[in-house]
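Residue-level structural notes
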Amino acid sequence: MEIKQYLTTVNYTPSTNKQNKYIVIHYTANNGDTAQGNANYFHSINRNASANYFVDENEIVQVVPDNYIAWHCGAKTYKHPYCRNNNSIGIEMCSRKDKKGNYYFKDGTVNNSIQLVCDLMNKYNIPIENVIRHYDVTKKLCPLPYIDDAEWNKYKSLLRTALKGSNLEDKKGEDKMYQNINEVPEWARNTINKLINKGCFPDVNKLALTNEMVRIFVIMDRWIGLKV
Ligand SMILES: [Zn+2]
């Protein structure tokens, strides 16, 4: 996924030891704005606010590097005990208004933000429970389309689906499948090669072997020797 960078020169606090433990989702409260338009707005004039990323239906623009502190969820009083600007990454989703005047996100904006959150979770080993709303940090009604818990839960379940097959999911040792001999771990290649040579797999590029299956084959091979 491509991320454009258009870094602000003023709206951030530099840091040498920022640890990214939370991802905070916001909405821009605009109607028809773009990621690049926001990046321009925050670029060189002090706005006393910022975010690390702006997302619209077409692209993602980074405005503050992950290791620097963006000004997205600071407040006088907090609802969340730990999440602050200095340990979180702020993502602003560009919003739209429907005919009734209600804010919503276009599907493309949702998808782009999910991709970005997924990448950041993997990069910084951030668990899904630490992906939160601005509302969860300060009670501010942001992102308005997700203040309703049911809507927020829909977003989280999309995120959960996107995480399947990503590195974070792999770390749990679940769902990972080896599809060809090069993906099979070295300790098992000899065994799996025997099975391939025997014609056990209809398609050698779709082995669909889980780690558990590979282990069983290797144990069998070492125990009784797979007949070839
Ligand atoms: Zn916000």
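Residues numbered from 1 in each chain as written. Predicted model: local features only at pLDDT ≥ 70, side-chain atom pairs only at ≥ 80, totals over all residues. Heavy atoms only, no water.

**A few points about the coordination of the zinc ion**
Filter applied, for reference: Only nitrogen, oxygen and sulfur atoms within 2.8 Å of the metal, or 3.2 Å for Na, K and Ca, are treated as donors, and water is left out, so sites may look incomplete. In DSSP terms, a helix is any run of H or I states spanning at least four residues, a strand is any run of E spanning at least two, and both are numbered starting from the N terminus. In this scheme, a residue with accessible area under 20% of its type's maximum is buried, one over 50% is exposed, and one in between is partly exposed, where area comes from a 1.4 Å probe on protein chains only.
Around the zinc ion, the protein supplies H26 (ND1), H134 (ND1) and C142 (SG) as donor atoms, at distances of 2.1 to 2.2 Å. Read in sequence order, the donor residues for the zinc ion give the motif H-x107-H-x7-C. Here the residue H26 occupies a position in strand β2 (residues 22–27), and C142 occupies one in the loop between α3 (134–138) and α4 (149–163), the gap between them amounting to 116 residues. With relative accessibility at 1%, the residue H26 sits in the buried group. Residue C142 is classed as buried on the basis of its relative accessible area, which comes to 3%.

**Describing the packing of helix α6 (residues 186–197) against helix α7 (residues 211–223)**
The criterion, for reference: The convention used is that axes are lines fitted to C-alpha atoms, helices contributing only their stretch in contact, and that angles between N-to-C directions extend from 0 to 180 degrees. An angle counts as roughly parallel when it lies under 35 degrees, as roughly antiparallel when it exceeds 145, as roughly perpendicular when it falls between 65 and 115, and as oblique in every other case. Should any heavy atoms of two residues lie within 4.5 Å, those residues are counted as being in contact. Note that Gly is not counted as nonpolar here; it falls among the polar residues with everything else outside the nonpolar set of Ala, Val, Leu, Ile, Met, Phe, Trp, Tyr, Cys and Pro and the charged set of Asp, Glu, Lys and Arg.
Here α6 crosses α7 at 80°, and the two axes come no closer than 9 Å. Considering the angle they form, α6 stands roughly perpendicular to α7. Of the residues in α7, those in contact with W187, A188, T191, I192, K194 and L195 of α6 are N211, V214, R215, F217, V218, D221 and R222. Each residue belonging to the contact of α6 with α7 can be placed in one class, and the counts come to 7 nonpolar, 2 polar and 4 charged.

**What to know about the pattern of salt bridges**
Side chains that differ in sign of charge can pair as their charged atoms come close. For clarity, the threshold we go by: Every case where a carboxyl oxygen of Asp or Glu lies within 4 Å of a side-chain nitrogen of Lys or Arg is listed as a salt bridge.
By the definition in use, this model includes 9 salt bridges. Note that E151 is salt-bridged to K154, the shortest N-O span being 3.1 Å. On the criterion of helical spacing, the pair formed by E151 and K154 is a turn pair, its members being 3 residues apart in helix α4. One salt-bridge network, held together by shared partners, links D33, E57, R96 and K106.

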